[in-house]
Amino acid sequence: MDWQRYLNYIREQRGRLLIAIPSGALAGAFSGFGVPFFVQKVFSELLGEGGRDATLWVVLGAAALLPLAFLGRAVFMYLNGVYSSKAAEAVLKQLRRDLFAKLQSLPLAFYERHQVGDLIARVLGDAQLIQSTIRNVSKDLFIQPFVAVGALGYLIYLSVTQKEVIFLLILLLSMPAMLVPVSYVSKHVKRLSRKNQAAMGRFTSILAENMRALLEVRTFNLEDREQKRFDAQLSENERLAVRTDQYYNLHQPSLEMIGAFVIAAAFVYSQRVGLGIEIFIALAIALYFTGDPIRKIFNVYANIQKSRGALERIDQLFAEPEVVSDAPDAQELASVSGLVRYEDVSFHYNADDTESAAALDHVSVTIQPGTVCALVGPSGAGKSTFVKLLTRLYDPTSGAIRLDESDLRQVKRADVRRHIAVVPQAPFLFDGTVADNLRIGKPDATAEEMEAAARAAYAHEFIERLPAGYDTPVGEDATRLSGGQRQRLALARAFLKNAPILVLDEATSALDAESEQKIQQALEQHVSGKTVFIIAHRFSTIRLADRILLFDEGRIVGDNTFDALLAHPLFRKLYENQRT
């Protein structure tokens, strides 16, 4: 566990804590020292024989002191609570911000191993639990030690002046007994907390998956199956939560019973030695105000153990290596011509298992600027991996990829990606307007530039038919648009970016034959001078390619024009399969 990270978060809130901690100390002093003092000194004297001669003003003055003491306690407790909460909220904000930034930097392989719902649960639920723990714990942590110190000080004072050290011994002997339930409960709460947070991650994953698969759930009549799966996870969450609370709620009654035995022992001793009622009450209150904060401090420890599962899950996320990161001396790449060179590039998705088949196996190829290059081959042959390495979603296991003679690993990732526009097979549109999604390619684009890009992608006509044209919200996951419309918007976005390198990954797969033909014409008109990589299974989409790379089992087994490659057995087979 990297405690230093969380200490840094707390250290950043030192301004607020400089108010919260002293306020807690003063509130604790009012509680721990003030109340026993009033009982033993003020009340006993004024209610005893010596108080019969006191004037009304003296009595009223003494009576006013107690509300004033509680007013001081209330003010300082309020300040402690407010500034503790402010500090806790600020820690939550920074923690979530850092978690989100970490998620942005992790490689695609990480997301292939983890459920999205579980990651959402870590950023929301786990972080919220930590924030709640900080808020709840900080109040007791900043107040109770001072209550205990104040009460203990007064207990020592009374024990010395009354020569009754036995009260201190009773308190000290009770301390080891308090550790027993705390240790027992904390061990089980910590273990169940891990299971609780993991179950919450699975719950969020099921919910997120169901929301994304609404069409499949409806059309395959999966409602009952999904409900049973959801109910089963809810039952597991309930079982773990109840089990955790059973242990968590066990320690407080146990500590109170020990406290009751302490007071009972003090009572027996006081009665046997003939201690006066006012001295006993003052000592008993001091004992209570000493023992109660100690029990609450133990409660703080149990609270921390309850959040350990969340802390460990968040810590695991922070500990994930950023496989693709900028080198300390990474160069800037102001402009490129579009020259791409792969030099003996091999790549394994599992870097620790180089004995298994490589996704790319000793690939060497040079693509000149302005070349339209198609990548063809069976599924899993290495085509998508080839372009993922080009965009630095991964770095090669061995070999080098150069862009205009610059090794990509020595160039800033943002610079590499600024010079490449990608149109994926299943493009994602953000929950905003059509214009918002187009401007992702060029944030400062004018309305005229957007319209020109949309016309080039044959998207302008359907955009104009939308209720608000370019200002029409597309909705979450762009559910208001068809697959073909989403792909045309993605193409328009890439055209608007106007990068020197364009990657089309099955970019016309959702289009009908007529729309695809129009896109082909648009590509012929708009890719002049650009280096273009086209991944496609439809052979009709690669006709405009100057050059075709044929992939098989991670290697380039063919490199030529369309007509020349028809003599290659694998290419011919793929072509014939397409025709039939």
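Residues numbered from 1 in each chain as written. Predicted model: local features only at pLDDT ≥ 70, side-chain atom pairs only at ≥ 80, totals over all residues. Heavy atoms only, no water.

K.L.:
Would you mind showing me how to read the sheet that holds strand 3 (residues 372-376) here?
P.N.:
Strand pairs in the sheet, formed through backbone hydrogen bonds, run parallel or antiparallel to each other. With mixed pairing, the six strands of this open sheet are ordered in space as 6-7-8-3-9-10. Where the open sheet ends on each side, the last strands, each with one partner, are strand 6 (420-423) and strand 10 (555-560). Ignoring which end each strand starts from, the neighbouring axes of this sheet average 20° apart. Contacts from helix 16 (residues 483-497) reach strand 6 and strand 7 (501-505) within the one sheet, and its direction differs from that of strand 6 by about 175°. (Pairing = 2+ DSSP bridges. Helix = DSSP H or I, 4+ residues; strand = E, 2+ residues; numbered from the N terminus. Axes fitted to C-alpha atoms, helices over the stretch in contact; angles between N-to-C directions. Contact = heavy atoms within 4.5 Å.)

K.L.:
I tried to follow the packing of helix 14 (residues 447-456) against helix 16 on my own but got confused; where do I start?
P.N.:
Each pair of packed helices can be summarised by the angle the axes make with each other and by the distance between the axes. Remark: helix 14 packs on helix 16, axes separated minimally by 8 Å, with the N-to-C direction vectors making an angle of 125°. Viewed along their axes, helix 14 and helix 16 adopt a mutual orientation that is oblique. The way helix 14 lies across helix 16 gives a crossing that is right-handed. Between helix 14 and helix 16, the residues in contact are Glu449, Met450, Ala453, Ala454 and Ala456 and Ala492, Phe495 and Leu496, respectively. (Parallel < 35°, antiparallel > 145°, perpendicular 65-115°, else oblique. Left-handed = near helix turned anticlockwise from the far one by under 90°.)

K.L.:
Hey, could you run me through helix 14 in this one?
P.N.:
Think of an α-helix as turning once every 3.6 residues; residues three or four places apart then point the same way. For helix 14, the full list of buried residues reads Met450, Ala453, Ala454 and Ala456. Across the axial projection of helix 14, the buried residues extend over an arc of 160°, all falling on one side. Close packing links the buried residues of helix 14 with helix 13 (434-438), helix 15 (460-465), helix 16 and helix 17 (513-526). Looking one or two places after helix 14, you find Tyr458, whose phi comes out positive at around 55°. (Buried < 20%, exposed > 50% of the residue type's maximum accessible area, 1.4 Å probe, protein only. Arc of directions from axis to C-beta.)

K.L.:
When you look at the side chain of Asn237 in this model, what are you seeing that I'm missing?
P.N.:
By the element assignment, Asn237 lies in helix 8 (residues 223-273). Excluding residues within four positions of it along the chain, Asn237 makes contact with Asn196, Ala199, Met200 and Phe203.

K.L.:
Looking at this model, I keep getting lost on the pairing of strand 7. Mind explaining?
P.N.:
It is a general feature of regular strands that their side chains alternate between the two faces of the sheet. With five of five residues buried, strand 7 is to be regarded as a mostly interior element. Covered by surrounding structure in strand 7 are Ile501, Val503 and Asp505 together with Leu502 and Leu504, the residues of both alternating faces. Relative to strand 7, strand 6 is paired through four bridges, and the arrangement is parallel. Residue pairing in the sheet places Val422 in a bridge with Val503 of strand 7. Note: strand 7 against strand 8 (residues 531-535), five bridges, orientation parallel.

K.L.:
Which parts of the structure should I look at to understand the nonpolar core?
P.N.:
Ranked by internal contacts, the top residues of the largest apolar core, which has 54 residues, are Leu489, Leu502, Leu504, Ile542, Ile548 and Phe571. Counting residues per element, this core draws most heavily on helix 16, which supplies seven residues. Contact partners of Leu504, with chain neighbours within four places excluded, come to Val423, Leu491, Leu523, Val532, Phe533, Ile534 and Ile535. (Core = buried A, V, L, I, M, F, W, Y, C linked by side-chain atoms within 4.5 Å.)

K.L.:
What should I look at first to understand the pattern of salt bridges in this one?
P.N.:
Close approach of charged atoms allows side chains with opposite charge to pair. With the rule as written, the count across this model stands at 20 salt bridges. As a salt-bridge pair, Asp118 and Arg122 come within 3.1 Å of each other at their nearest N and O atoms. Of this pair, Asp118 and Arg122 both sit in helix 5 (residues 116-161), four residues apart, roughly one helical turn. Each member of the pair, Asp118 as well as Arg122, carries the same accessibility label: buried. (Salt bridge = Lys/Arg side-chain N within 4 Å of Asp/Glu carboxyl O.)

K.L.:
Looking at this structure, I do not really get the layout of surface pockets. What am I missing?
P.N.:
Empty space among the atoms can be located by rolling a probe the size of a water molecule over them. Approximately 490 Å³ is the volume attributed to the second largest pocket. Lining the second largest pocket we find 21 residues, and of these Tyr6, Ile10, Ile134, Val137 and Ile304 sit closest to its centre. Breaking the lining of the second largest pocket down by element, the ones donating at least two residues are helix 1 (3-11), helix 3 (56-105) and helix 5. (1 Å grid on protein atoms, 1.4 Å probe; cavity = no way out; pocket = protein on both sides within 12 Å on 5 of 7 lines; lining within 4 Å. Points joined across faces, edges and corners; volume = space filled by probe spheres on them.)

K.L.:
I keep staring at the pairing of strand 3 and nothing clicks. Help me out?
P.N.:
In terms of burial, strand 3 is largely enclosed, as five of its five residues are buried. Here strand 3 shows a buried face lined by Val372, Ala374 and Val376 and a second buried face lined by Cys373 and Leu375. Of the strand pairs in this sheet, strand 3 and strand 8 are connected by four bridges, and their pairing is parallel. By the bridge assignment, Leu375 is partnered in strand 8 with Ile535. Relative to strand 9 (residues 547-552), strand 3 runs parallel, the two being bridged by four bridges. Following the sheet pairing, Val376 is matched in strand 9 by Leu550.

K.L.:
It is not clear to me how empty space enclosed by the protein should be interpreted in this structure. Could you clarify?
P.N.:
Scanning the model with the defined rule gives three cavities of 30 Å³ or more in all. Of the pockets and cavities examined, the largest cavity occupies roughly 70 Å³. Around the largest cavity sit Leu504, Glu506, Ala507, Thr508, Gln520, Leu523, Ile534, Ile535, Ala536 and Thr541, which together line it. At the level of elements, helix 17 and strand 8 are the ones that each hand at least two residues to the lining of the largest cavity. Grouping the amino acids of the lining of the largest cavity by side-chain chemistry returns six nonpolar, three polar and one charged. (Nonpolar A, V, L, I, M, F, W, Y, C, P; charged D, E, K, R; others polar.)

K.L.:
Is there a simple way to explain the sheet that holds strand 5 (residues 406-407) in this structure?
P.N.:
Sheet architecture is open: four strands sit in the order 2-1-4-5, paired in antiparallel fashion. The sheet is open, and its two borders are formed by strand 2 (360-367) and strand 5, each paired with just one other strand.

K.L.:
Looking at this model, I keep getting lost on helix 19 (residues 569-579). Mind explaining?
P.N.:
Looking only at helix 19, the buried set comprises Leu570, Phe571, Leu574 and Tyr575. The buried side chains of helix 19 occupy one side of the element, clustering within an arc of 135° when seen end-on. Among the exposed residues of helix 19, those pointing more than 90 degrees away from its buried face are Pro569, Lys573 and Arg579.

K.L.:
Is there a simple way to explain the packing of aromatic side chains in this structure?
P.N.:
Think of a pair of aromatic rings as described by two things: how far the centres are apart, and how the planes are tilted against each other in angle. In the structure shown here, the tally under the stated rule is 10 aromatic pairs. For the pair Phe386 and Phe551, a centre-to-centre distance of 5.5 Å together with 70° between the ring planes defines the contact as edge-to-face. Of this pair, Phe386 sits in helix 11 (residues 383-390) while Phe551 sits in strand 9; the two residues are 165 residues apart in sequence, bridging distant segments of the chain. Judged by its relative accessible area of 0%, Phe386 falls in the buried class. When the ring of Phe562 is compared with that of Tyr575, the centres are 5.7 Å apart and the planes differ by 85°; the resulting orientation is edge-to-face. Note that Phe562 is positioned in helix 18 (residues 562-565) and Tyr575 in helix 19, a separation of 13 residues in sequence. According to the relative accessible area criterion, Phe562 is buried, its value standing at 7%. Judged by its relative accessible area of 15%, Tyr575 is buried. The rings of Tyr342, Phe386, Phe533 and Phe551 are connected pair by pair, giving a single aromatic cluster. Note that Lys86 overlies the ring of Tyr83, its terminal NZ or CZ placed 4.9 Å from the centroid. (Phe/Tyr/Trp six-rings, centres within 6.5 Å; stacked < 30°, edge-to-face > 60°. Lys NZ or Arg CZ within 6 Å of the ring centre and 35° of its normal.)

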